[in-house]
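# Working through the structure, step by step
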Amino acid sequence: MLDAIVEEVGEEHVVQVVTDNAPAYKAAGNLLMRKRKKLYWTPCVAHCIDLMLEKLFELPQMKNAYLKANRVANCIYSHGYVLDMMRSFTKRGLIRPGDTRFATANLTLQSLLQNKQALEEMFTYNKWKNCEWLSKSDGKDVKKIILRDQTFWPGLVYSLKEMKPLVGVLRLVDAENVPAMEFIYGAMDMAKEALAAKYDGDVSKYREIWNIIDEKWDFQMHRDLHAAGYFLNLQFQYEDDFSDHTEIRHGLYNVMEKLLPREDLADAHLELDKYCNKEGCFGRLEAEITRKLKTPDLEELDFPSLGIDTATQNDEPEPSDLPAQQRMRERDSVVGVGSAGSGRGQHSKRG
């Protein structure tokens, strides 16, 4: 099927084919590259990051918070009266649908934390004393989680802080206004460095999370195109902390050899030297002052800041009296179903 699509479009017009990460697609992608020598197959980056987030949710403290948050949201959204009561206190729903399963989990955990005070007020409201639901096991369990569980709210804070750098990358790759290929390599490195900075460089405290990231990066996301995109990205190339690591150079050269005619390689390498040394047009003032205006500003992804972003709580529309069918759709997009769990090497590119 992939080959037929490339044939229809024209191989000369195709540089990259992106699919899901399923084994069948991976096998098909590799076969396609063996037949079509001038294109690349790469797995979906958003799906890879979602798999990283899934693995993070298997860490004990995050899994505990995730399961409890899932129980709270499921129970509330399963009872119309309780859902209406919750909305009267929170002024919005708890469910914050995202583009992927664990992006939804992140948004829902954030929404729960933002509405902590409202939920506590709801479960101590006098009108609840005679509520039949509170006398049942579900109601008692949720009330206990909200009011008396000493690990639930700290667990949400911890989970959101650990996820935030990867969620920043996910936001980047899911953006529709600008292609993300040239930012993936650098953004993943920034995400890892943000996690390391959070623990003041104490490897023992972030090694497990780095290993989760590296497992997916090494086997699925680490591609020559990503390295070439990083090297040729003006936002990275002329920064003081730009990395000219061997693996990045090799990735760039592999892409050049694959995509450029043999007779053009020498000229391309000479132009590459001018680019690296800011010679000619690359060194002009207008090139310097506009290099971050024509592409996404990674500082907006807030990698270094690992606090909880509460500014987005007003992004959700005000609740309305939803019909039962819409309440069911909201409920179906709750944090997850059941339990959680259905880069590069050990160092970042600077190491």
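These figures come from a predicted structure and were not determined experimentally.

Let's shift gears to the overall build of the protein. For the protein, the count of helices and strands is 17 helices and two strands. Relative to its full complement of 351 residues, the protein shows a buried share of 46%. Surface summary for the protein: the accessible area is close to 18100 Å², and the carbon and sulfur share equals 51%.

In terms of burial, helix H12 (residues 224-231) is largely enclosed, as seven of its eight residues are buried. Where H12 is concerned, the buried positions are Leu225, His226, Ala227, Ala228, Gly229, Tyr230 and Phe231.

Per the stated rule, a full pass over the model turns up 15 aromatic pairs. A ring pair is formed by Phe89 and Tyr125, whose centres lie 5.4 Å apart and whose planes are at 70°; its orientation type is edge-to-face. Remark: Tyr125 occurs in the loop between helix H7 (116-123) and helix H8 (137-147) and Phe89 occurs in helix H5 (residues 80-90); sequence separation between them is 36 residues. Residue class for Phe89 comes out partly exposed when judged on its relative accessible area of 22%. A relative accessible area of 40% means that Tyr125 is categorised as partly exposed. Judged by centre distance (5.6 Å) and plane angle (70°), the ring pair of Phe231 and Phe242 falls under edge-to-face.

Now for the pairing of strand E1 (residues 16-19). Residues Val17 and Thr19 of E1 are buried on one face, while the alternating residues Gln16 and Val18, pointing to the opposite face, are not. As paired strands, E1 and strand E2 (residues 40-43) are joined by four bridges and run parallel to one another. If you follow Val17 over to E2, its bridge partner there is Trp41. Note on the crossover from E1 through helix H2 (residues 23-35) to E2: the handedness is right-handed.

Before going further, it helps to spend a moment on the nonpolar core. Formed by 93 residues in total, the largest nonpolar core has its most connected members in Leu56, Trp133, Leu156, Met163, Val173, Met188 and Met221. Aside from chain neighbours lying at most four places away, what touches Val173 is Val45, Ala46, Ile49, Ala180 and Ile184.

Our next topic: the side chain of Glu162. Position of Glu162 among the secondary structure elements: in helix H9 (residues 152-174). What makes Glu162 buried here is its relative accessible area of 0%. Engagement of the side chain of Glu162 in a polar contact is seen with the side chain of Lys198, the distance being 2.8 Å. The residues contacting Glu162, other than those within four sequence positions of it, are Leu56, Met62, Leu195, Lys198, Tyr199 and Ile209.

Here the focus is the packing of H5 against H7. The description of two helices packed together rests on the angle between their axes and the distance between the axes. Remark: H5 packs on H7, axes separated minimally by 9 Å, with the N-to-C direction vectors making an angle of 125°. By the angle between their directions, the pair H5 and H7 is classed as oblique. The handedness of the crossing between H5 and H7 is right-handed. Between H5, through Val82, Met85, Met86, Phe89 and Thr90, and H7, the contact on the second element is made entirely by Ala118, Leu119, Glu121 and Met122. Here the contact of H5 with H7 is built from residues that sort into seven nonpolar, one polar and one charged.

Bringing helix H15 (residues 265-276) into the picture now. Taking 1.5 Å per residue as the helical rise, H15 with its twelve residues ought to reach 16 Å, and the 16 Å between its terminal C-alpha atoms agrees with that figure. Within the sequence span of H15, burial applies to Leu265, Ala268, Leu272 and Tyr275. Taken down its axis, H15 places every buried residue within 70° of arc, on the same side. Of the exposed residues in H15, the ones pointing more than 90 degrees away from its buried face are Ala266, Asp267 and Leu270. Where H15 is buried, its residues meet H12, helix H13 (234-237) and helix H14 (246-259). Following H15 by one or two positions, Lys278 adopts a phi angle in the positive range, close to 55°.

With that settled, consider a nonpolar patch on the surface. The grouping of Met1, Ile5, Val9 and Tyr25 at the surface amounts to a nonpolar patch, some 410 Å² of accessible area in total. By secondary structure assignment, the location of Val9 is in helix H1 (residues 2-9).

This part covers the environment of Glu257. Its location among the elements puts Glu257 in helix H14. Assessed through its relative accessible area of 53%, Glu257 is described here as exposed. With sequence-adjacent residues up to four places away left out, Glu257 is seen in contact with Lys38 and Leu265.

Okay, the pattern of salt bridges next. One pass over the full model with this rule turns up 16 salt bridges. Note that Arg87 is salt-bridged to Asp84, the shortest N-O span being 4.0 Å. With a gap of three residues between them, Arg87 and Asp84 both fall in helix H5, about one helical turn apart. Note on Asp84: relative accessible area 40%, which makes it partly exposed. Residues participating in the shared-partner salt-bridge network are Asp3, Glu7, Glu11, Lys35 and Arg36.

This brings us to the state of the cysteines. A full pass over the atoms with the stated rule returns zero disulfides. We note that Cys48 lacks a disulfide partner, and the nearest cysteine sulfur, in Cys44, lies 7.0 Å from it.

Reading guide: rules and limits
- Within every chain, residues take consecutive numbers counted from 1 along the sequence as written.
- Local features in this predicted model are restricted to residues of pLDDT 70 or higher, and side-chain atom pairs are both shown and tallied only at a pLDDT of 80 or more, whereas totals for entire chains, interfaces and linings draw on every residue.
- With hydrogens and water set aside, each side-chain value is computed from the structure's full complement of heavy atoms.
- Numbering of helices and strands runs from the N terminus, with a helix taken as a DSSP run of H or I at least four residues long and a strand as a DSSP run of E at least two residues long.
- Exposed residues in this analysis have more than 50% of their type's maximum accessible area, buried residues have under 20%, and partly exposed residues fall in between, with area computed by a 1.4 Å probe over protein chains only.
- Only the protein chains shown count as cover for residues, with accessible areas throughout obtained via the Shrake-Rupley method and a probe of 1.4 Å.
- Geometry of aromatic contacts follows a simple scheme: Phe, Tyr and Trp rings, the Trp one being its six-membered ring, pair when their centres are within 6.5 Å, and the pair is stacked under 30 degrees between planes, edge-to-face over 60, tilted otherwise.
- Note on pairing: DSSP must find at least two bridges between two strands before they are called paired.
- Here the term right-handed applies to a crossover when the path leading from its first strand over the helix to its second strand runs clockwise, the strands being oriented away from the viewer.
- In this text, buried Ala, Val, Leu, Ile, Met, Phe, Trp, Tyr and Cys residues form a nonpolar core when linked through side-chain atoms within 4.5 Å.
- Only heavy atoms matter for contacts: two residues are in contact if any of them lie within 4.5 Å across the pair.
- Polar contact is defined as a pair of N or O atoms within 3.5 Å, subject to the rule that within protein one atom must be able to donate a hydrogen and the other to accept it, and that residues adjacent in sequence are counted only when both atoms are side-chain atoms.
- Orientation is described by axes fitted as lines to C-alpha atoms, over the contacting stretch for helices, and by angles from 0 to 180 degrees between their N-to-C directions.
- Each angle gets one of four labels, with under 35 degrees taken as roughly parallel, over 145 as roughly antiparallel, 65 to 115 as roughly perpendicular, and the rest as oblique.
- Rotating anticlockwise by less than a right angle from the far helix to the near helix defines a left-handed crossing, while the corresponding clockwise rotation defines a right-handed one.
- Ten residue types, Ala, Val, Leu, Ile, Met, Phe, Trp, Tyr, Cys and Pro, are classed as nonpolar, four, Asp, Glu, Lys and Arg, as charged, and the remainder, Gly among them, as polar.
- Here the expected span of a helix is defined as 1.5 Å times the quantity of residues minus one.
- Starting at the helix axis, one direction is taken to each C-beta atom, and the arc is that of these directions.
- Only residues whose relative accessible area exceeds 30% and that form no salt bridge are eligible for patches; like-charged ones are grouped when within 9 Å, while nonpolar side chains (Val, Leu, Ile, Met, Phe, Trp, Tyr) are grouped when within 5 Å.
- Salt bridge, as used here, is a side-chain nitrogen of Lys or Arg placed within 4 Å of a carboxyl oxygen of Asp or Glu.
- Cysteine sulfur atoms are paired as a disulfide whenever they come within 2.5 Å of each other.

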